[in-house]
Amino acid sequence: MAVGLAAVLTLGVGAGCAKQESAASDSTEIPIGVDIEKSGPASVQGEAYERALKLVARQINANGVKVGNQTKKIKLIVRDNKSDPAESLSVAKSLIDNDNVAAIIGGGASPTTMSIVDTVEAKKVPLVSMGSSGAIVQPIDKRKYIFKTPGNTPVIADVMLKQFQRKGIKKIAVLSVDNAYGAAGLKAWQDLDKAGKIDLVDNEKFGDKDKDFTVQVTKAVAKHPDAVVVWAIPPQAGIAAQNLRQAKYPSNQVYFDTGAGAELFVKGAGSASEGMYMVHSRVLAGDQITATTPAAQAEKKFFTDYSRDYGNFSGFAPMAADALSLIVQAITKGGRADRETIRDSLEKLTFDGAFGTYQFSPTNHGGVDESSLALLVVKNGTWTLTS
Amino acid sequence: MTSLAQFVVTGFTTGATYALVGLGIALIAQVTGVISFAQGEFVMLGGLTFALLEEKGLAAPLAALVAIVLACAVGVVLERLVLPRARAGRTDQTIMLTIGASIVIEGVALVVVGTEPHFARPFTKGSALSVGGVHITPQYVWVVAITAVVLVAMWLLLTRTRVGWAMRATAMDAEAAQLSGISPSRMSLIVFVVAAALGAIGGIVLAPLQSPDAGIGIALGLKGFAAAVIGGLGRPAGAVVGGLALGIVERVAAGYLPGDFSGYSDAIAFALLLLVLLVRPTGLLSALRVERV
Amino acid sequence: MTDDASTSTEPGTSTPVLRVRGLVAGYDRIEALHGVDVEVHQGEAVTLIGSNGAGKTTLLRTIAGLMRPWRGTVEFLGEDVSRWPAERRARAGLALVPEGRRVFAGLTVEENLRLGGYPHPRSLAADGLATVYELFPKLRDRRTQAAGTMSGGEQQMLAIGRAMMSRPKLLLLDEPSLGLAPLAVREVADALVELAGRDTTLALVEQNATVAFHVARRGYLLDRGTLVTAGSVAELREDPRVHEAYLGQPVK
Amino acid sequence: MAVLGRHRRLVTLVLSYGVFVGGLLLVPFLFTRVHPYTMADGVLMVLLAVAALGLVPFTGYAGQVSLGQAAFYGTGAYATAILTVKLHLSPWLSLVIGAAVAGLLAYLLGLALFRAAGHYLTLATIAVGLILGVVVKQLDVTGGAEGLAGVTPLTVFGADIGGDVNFFYLAAGILLVATVVVHLVCRSMFARTLLAISDSPVAAQSCGVDPAPVKRSMFVLAAVLAAVAGSLYASWSGFVDASTLDLNVSLQLLIIATVGGRRSVFGAAVGSFVVVSLVRFAKEWLPDVSSHAGGQVEIIAYGLALILVLRLLPRGIVGGAAAGLRRLAGTVTRTPTR
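Residues numbered from 1 in each chain as written. Chains lettered and ligands numbered in written order. Predicted model: local features only at pLDDT ≥ 70, side-chain atom pairs only at ≥ 80, totals over all residues. Heavy atoms only, no water.

*Asks:* How would you sum up the sheet that holds strand β3 (residues 70–80) of chain A? Please name residues and give values.
*Replies:* Residues and elements named next belong to chain A. Judged by pairing direction, the sheet is mixed, and its 6 strands sit side by side in the order β2-β3-β1-β4-β5-β6 without closing on themselves. Each end of this open sheet is capped by a strand with a single partner; those strands are β2 (65–67) and β6 (146–148). Neighbour-to-neighbour, the strand axes of this sheet turn through a mean angle of 30°, independent of strand direction. (Pairing = 2+ DSSP bridges. Helix = DSSP H or I, 4+ residues; strand = E, 2+ residues; numbered from the N terminus. Axes fitted to C-alpha atoms, helices over the stretch in contact; angles between N-to-C directions.)

*Asks:* So, the environment of Met164(C): which residues are in play, and what are the values?
*Replies:* Residues and elements named next belong to chain C. By the element assignment, Met164 lies in helix α7 (residues 152–165). In sequence terms Met164 and Ala95 are 69 residues apart; their C-alpha atoms lie 8.0 Å from each other. In contact with Met164, other than residues within four places in its own chain, are Val132, Leu171, Leu195 and Thr200. (Contact = heavy atoms within 4.5 Å.)

*Asks:* Could you give me a rundown of the packing of aromatic side chains, with the residues and numbers involved?
*Replies:* All names here are of chain A. Counted by the stated rule, this structure contains 28 aromatic pairs over all chains. A centroid spacing of 4.0 Å and a plane angle of 20° characterise the contact between Phe206 and Phe213, whose relative ring orientation is stacked. Each member of the pair, Phe206 as well as Phe213, is classed as buried. Taken together, the ring pairs connect Phe302, Phe303, Tyr306, Tyr310 and Phe313 into an aromatic cluster. (Phe/Tyr/Trp six-rings, centres within 6.5 Å; stacked < 30°, edge-to-face > 60°. Buried < 20%, exposed > 50% of the residue type's maximum accessible area, 1.4 Å probe, protein only.)

*Asks:* Describe the interface of chain D and chain B, with residues and values.
*Replies:* Each partner contributes residues to the interface: chain D has 46 residues there, and chain B has 43 residues. Summing the contributions of chain D and of chain B, the shared interface buries around 3,700 Å²; its carbon and sulfur component is 78%. Remark: the boundary between chain D and chain B carries 3 residue pairs in polar contact (both at pLDDT 80 or more). Secondary structure elements with two or more residues in the side of chain D that touches chain B: α6 (91–113), α7 (118–138), α9 (189–199), α12 (247–260) and α14 (298–312) of chain D. Among the elements that take part in the side of chain D that touches chain B, α7(D) stands out by supplying 13 residues, more than any other. (Buried area = accessible area lost by both parts, 1.4 Å probe. Polar contact = N/O pair within 3.5 Å; in protein donor to acceptor, adjacent residues only side chain to side chain.)

*Asks:* So what's going on with unusual backbone geometry? Residues and values would help.
*Replies:* The step from Gly106(A) to Gly107(A) runs through a cis peptide bond, and the omega angle for that step is -15°. Looking at the element boundaries, Gly107(A) is found in the loop between β4 (103–106) and α4 (110–114). In this structure, Pro139(A) follows Gln138(A) across a cis peptide bond, with omega equal to -5°. You will see that Lys248(A), though not glycine, has its phi angle at about 60°, which is positive. Relative to the helices and strands, Lys248(A) resides in the loop between α9 (236–246) and β10 (254–256). With a relative accessible area of 43%, Lys248(A) lands in the partly exposed category. The phi angle at His88(D) is positive, at roughly 55°, despite the residue not being glycine. Along the chain, His88(D) falls in the loop between α5 (69–85) and α6.

*Asks:* Account for the pattern of salt bridges, naming residues and giving values.
*Replies:* Counted by the stated rule, this structure contains 43 salt bridges over all chains. Close ionic contact of Lys38(A) with Glu50(A) constitutes a salt bridge, the shortest N to O distance being 3.6 Å. Of the two residues, Lys38(A) is situated in the loop between β1 (29–36) and α2 (43–63) and Glu50(A) in helix α2; the sequence distance between them amounts to 12 residues. Exposure remark for Lys38(A): the relative accessible area of 16% places this residue in the buried category. A residue is classified by how much of its surface remains accessible, and Glu50(A), at 15% relative accessible area, is buried. The salt bridge partner of Lys223(B) is Glu250(B), with a shortest N-O separation of 3.1 Å. Separated by 27 residues along the polypeptide, Lys223(B) in helix α9 (residues 217–231) and Glu250(B) in helix α10 (residues 236–256) bring together distant segments of the chain. Summarising the burial analysis for this pair, Lys223(B) and Glu250(B) share the class buried. (Salt bridge = Lys/Arg side-chain N within 4 Å of Asp/Glu carboxyl O.)

*Asks:* Tell me what's going on with the domain arrangement of chain C, and back it up with residues and numbers.
*Replies:* Residues and elements named next belong to chain C. As assigned here, chain C comprises domain 1 (1–93 + 168–252) and domain 2 (100–160). On a C-alpha basis, the centroid separation for the pair domain 1 and domain 2 is 24 Å. Facing the 13 residues of domain 1 at the interface are 12 residues of domain 2. Buried surface at the junction of domain 1 and domain 2, summed over both partners, amounts to about 1,000 Å²; 66% is from carbon and sulfur atoms. Our enumeration of links across domain 1 and domain 2 arrives at 2 salt bridges. For Arg198, the salt bridge identified is with Glu134, shortest N-O distance 3.1 Å. Where domain 1 packs against domain 2, one counts 2 residue pairs in polar contact (both at pLDDT 80 or more). (Domains from an automatic or database assignment.)

*Asks:* Report on the sheet that holds β10(A), specifying residues and quantitative values.
*Replies:* Residues and elements named next belong to chain A. Spatial strand order, β8-β7-β9-β10-β11-β14-β15: 7 strands in an open sheet with mixed pairing. If you trace the sheet from one side to the other, it starts and ends with β8 (199–206) and β15 (382–385), each paired once. Direction aside, neighbouring strands of the sheet carry axes that sit 30° apart on average. When strand β14 (residues 373–379) meets β15, the two strands line up antiparallel, connected through 4 bridges. When the sheet's bridge partners are listed, Leu376 is paired in β15 with Leu385.

*Asks:* How would you sum up the pairing of strand β9 (residues 218–223) of chain C? Please name residues and give values.
*Replies:* Residues and elements named next belong to chain C. Most of β9 is tucked away: 5 of the 6 residues are buried. As judged from the 6 bridges shared by β9 and strand β10 (residues 226–232), these two strands associate in the antiparallel manner. Bridge assignment links Gly219 to a residue of β10, and that residue is Gly231. A loop of 2 residues connects β9 with β10, the two strands running antiparallel in sequence, and Arg224 in this loop sits at a positive phi of about 45°.

*Asks:* Give a description of the packing of helix α6 (residues 162–172) of chain B against helix α8 (residues 184–206) of chain B that names residues and reports values.
*Replies:* Residue and element names in this part refer to chain B. In contact at an axis separation of 10 Å, α6 and α8 are set at 110° when each is read in the N-to-C sense. Viewed along their axes, α6 and α8 adopt a mutual orientation that is roughly perpendicular. The segment α6 lies against α8, with Val163, Ala166, Met167 and Thr170 engaging Met187, Ile190 and Val191. The class makeup of the residues in the contact of α6 with α8 is 6 nonpolar, 1 polar and no charged. (Parallel < 35°, antiparallel > 145°, perpendicular 65-115°, else oblique. Nonpolar A, V, L, I, M, F, W, Y, C, P; charged D, E, K, R; others polar.)

Structure representation (structure tokens):
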């Protein structure tokens, strides 16, 4: 039976599309795999990633990529991992084995990255992830090929901590989504709590498909924290904002992580988000940036381009945009488009991207530095820089 | 105490939707013998359609009407095209057919609408009322009020109309009903439509609280199922009580789990379901019925 | 296979209310009826007798449409109804009071009766109810009682009453006296005689020979799925095969 | 003719296994050469087939619907991950322990559940899977929400397996052994009893057969096979998280068994081939059709496949094909005698 079916498929499908020749070095296209969340709970991110990647690829391909003395084009191979770690692994394997990609961008979140790091590392393929969990790039001796664009979770927590210290906030409660991403956020605050830098009075988790956190919010608010920190992506970040507003918790004491950063947060939370804070790259307030430094110029340009092409801006877009830019930079600097060169070259890269400034080194594969991050606040329905 | 009251209020609101889903499942099970795993998809269809149309600027009552009609139409397709002669079929086969239908409904919704959630405005504006420290948003009131109206209407339908009697008669003894000139096929169609409408209404009232997306059906269907089984699949009232109880237990338990364990709250509904299945598979309320007869 | 039966059928002057021809039917893969011919004429009371497992219940269920015939036809009022579902036959006036009464236990007596009149407009219900209550005064007293809480005899009356509500042109009864107290048997039998006297066409399957021969004028004897003989009640009373079927029960 | 007739069953048996093994051997060839397939798909296909194989006796013969296979698949996967990562046990030993744990879990569940009617089992199995899924996200030993990475790969006689093609052969060998085992079980008196039960519970009961222990044994067998598959998956992928316990895994396995054929031991493999192909080709082509929903659209294909097979080929592709072949063979052998 299996043979019969196999034969039919071979005849019907196989004849026309026998596996393509692996991308030889003289090919004019550089295949880059993209493993992102086009569907499932994190699909909001996936959509922004894909738009950003297509935008950047278009801009890069307009002039081509200088590889040694040749000019090549980027070919993106975008695959959906359904926000599912196991599926992400299957996607990554397929990109490596089938499409023979030079590098992979993805997964778009921590859970879908954690599942593939071992495989990608073993197959020696450079990977740039949009997941924020520190475990993605650590321990560094087992993550030689793995890089990421978002800042490390503790770095983001640190930005919030500084604000808390300025405002005299001592007791906080953390609401986090129950997956690898939320767990990393929670752990960062638990570590700060242990170090005596903050008093974590309560932490509450919710499932990544839940749509109502009234109970978690009620419990957290009952502990009278000076601030509530939320580690969630849209649409859940928006629901958390709404539930906090319903519980009459003051919105100027609510802080979100970079993960919340998208137009959908404001859309989902509606007026409830007004006055709430978020740590994100300055790019989210792109229209307010005065472009004096190269870093600020890159941020502003991306904000303008993306907003022009797609109507509104997404906080996730720059993370993916930079992932691609970083790989292209590495290819140009290294002068070759093979996997080893890209990896070696990435590790030495300093780059001003749309999301912020990257300073990779053999001991640091972990995303934008603290200087790129800012505290933003929702004012009249848009993200505004504080101070 | 304030917290407890808040948990109960919240649980009651979600429980109302579980109750509507569970009621649909119980009615279908009784009248047609079909165990439908597709019931949650009607909540999705109702909620998502409503939110989508409302976002597009359609007046809420009109959006709700369209959503209900759409869900009912899908109910008809399910009953007529996917499950014809379901009564005669084997249970395992019909269960799998409803699973297949549920997957297809979700898939089509994904193609048409995409994966993003959609946001419906609360039925009326206004901020949360505080009653002794318990926060009650106007939408909570709407959920409870509409659910109550629907349940009363269902009760009247089942006890005061000939169609209602015919449905109950078919549930009690399908052959005898047939001998009285009642068409089981008609009753099956009617009950699927009624169940679809119940689910859609549950989805609509919940939409402003829990922004619906194409993927919510499975989880809500399972919760509704748990509600129906906990209450006892044999009686509609059981499903309603089971749904409300499930919603409240779920939230209260989540509320009293310490923070480190609050992740376990997801499992509460299913742990309760498993317990009922292991201890009293005919449902908690069935005990009352046996003792009364 | 069917010669024996067809020769013994009474020649009717008009179209019979029910004409069953060469009926073969069964459960799963087991054939229970091997080609049976039966006719019932307007105003007649006919009984089907036979020992346990003779196929009487199968015959009634197939006539009522609860089972599909494998071969052969069922004609009702001159129309071939073999492919009709049971509810359509019921609406056309073919009523069956099934074995074991099968009233809707959770509904009240009156709700049960009204459901019996389901095929007809609501306006006819009052008329029908009056007739049934007149026939079974006990039911009127128990109008609002849940049917499941009544005695066996009362439930049987309700089942018959429910069937009467559909204004049947042919009333089929499957073992109406089975499992009833002697007093109830008497009441039910009287009611059936009364019905037969009112020109109701009925066909009765009955284990209780006294009841069967008290109510019916003519009968068929079934044995292991085949028609053995047919004739007037007087003839059947004398037939040793009938005695055998009733296992020595007094048939007079 | 008479000799052929006498040996007909044997011939059929040898032929069908020949075709089966031939088909398996063809997979690496097909999956490395035909475009959107990858060898990873080939490995997944065989693992899913092993996990779905247990549903053949359980669903096809005992007439039960289990939507909890993921609970056992995940148990196997987590057992291997925990035992190799935390305790540094050999992956083979972990596989055996995982299968034993899953079997025990199934036995205990079965003790309580088979007293009740069919659909309660479906619900209970779903509940178990979902509860386990929540629990593993909370515990440290299971790596919490992040899952466990760095699972020790399988070795054969101390040598690395190396590469998906080799892993495929290993898994295919296990599938073959499992198929023979399930085949023997289905041929036994045991299975005949089950068939009687699923056709007519009343009849079986009146013959004095208590269906519960028989169903329970089938449930345990299904659990053990799923655990073996889950364990192999953990060793192969190197990573395990709560998604191995997801309801979708159970759904997928049920669809595989149903589409392939619930009453044939080859049904699981054929169903798995069909489902993996659907996923792969849908993923490749559907994004062009609908930009809206990404690859998730393929679930429509799943659902439709399930409905169509149930409505048109209630015995699945293998059952349908076998009936077709029999009809064909019938006409061929009958012709000369006329």
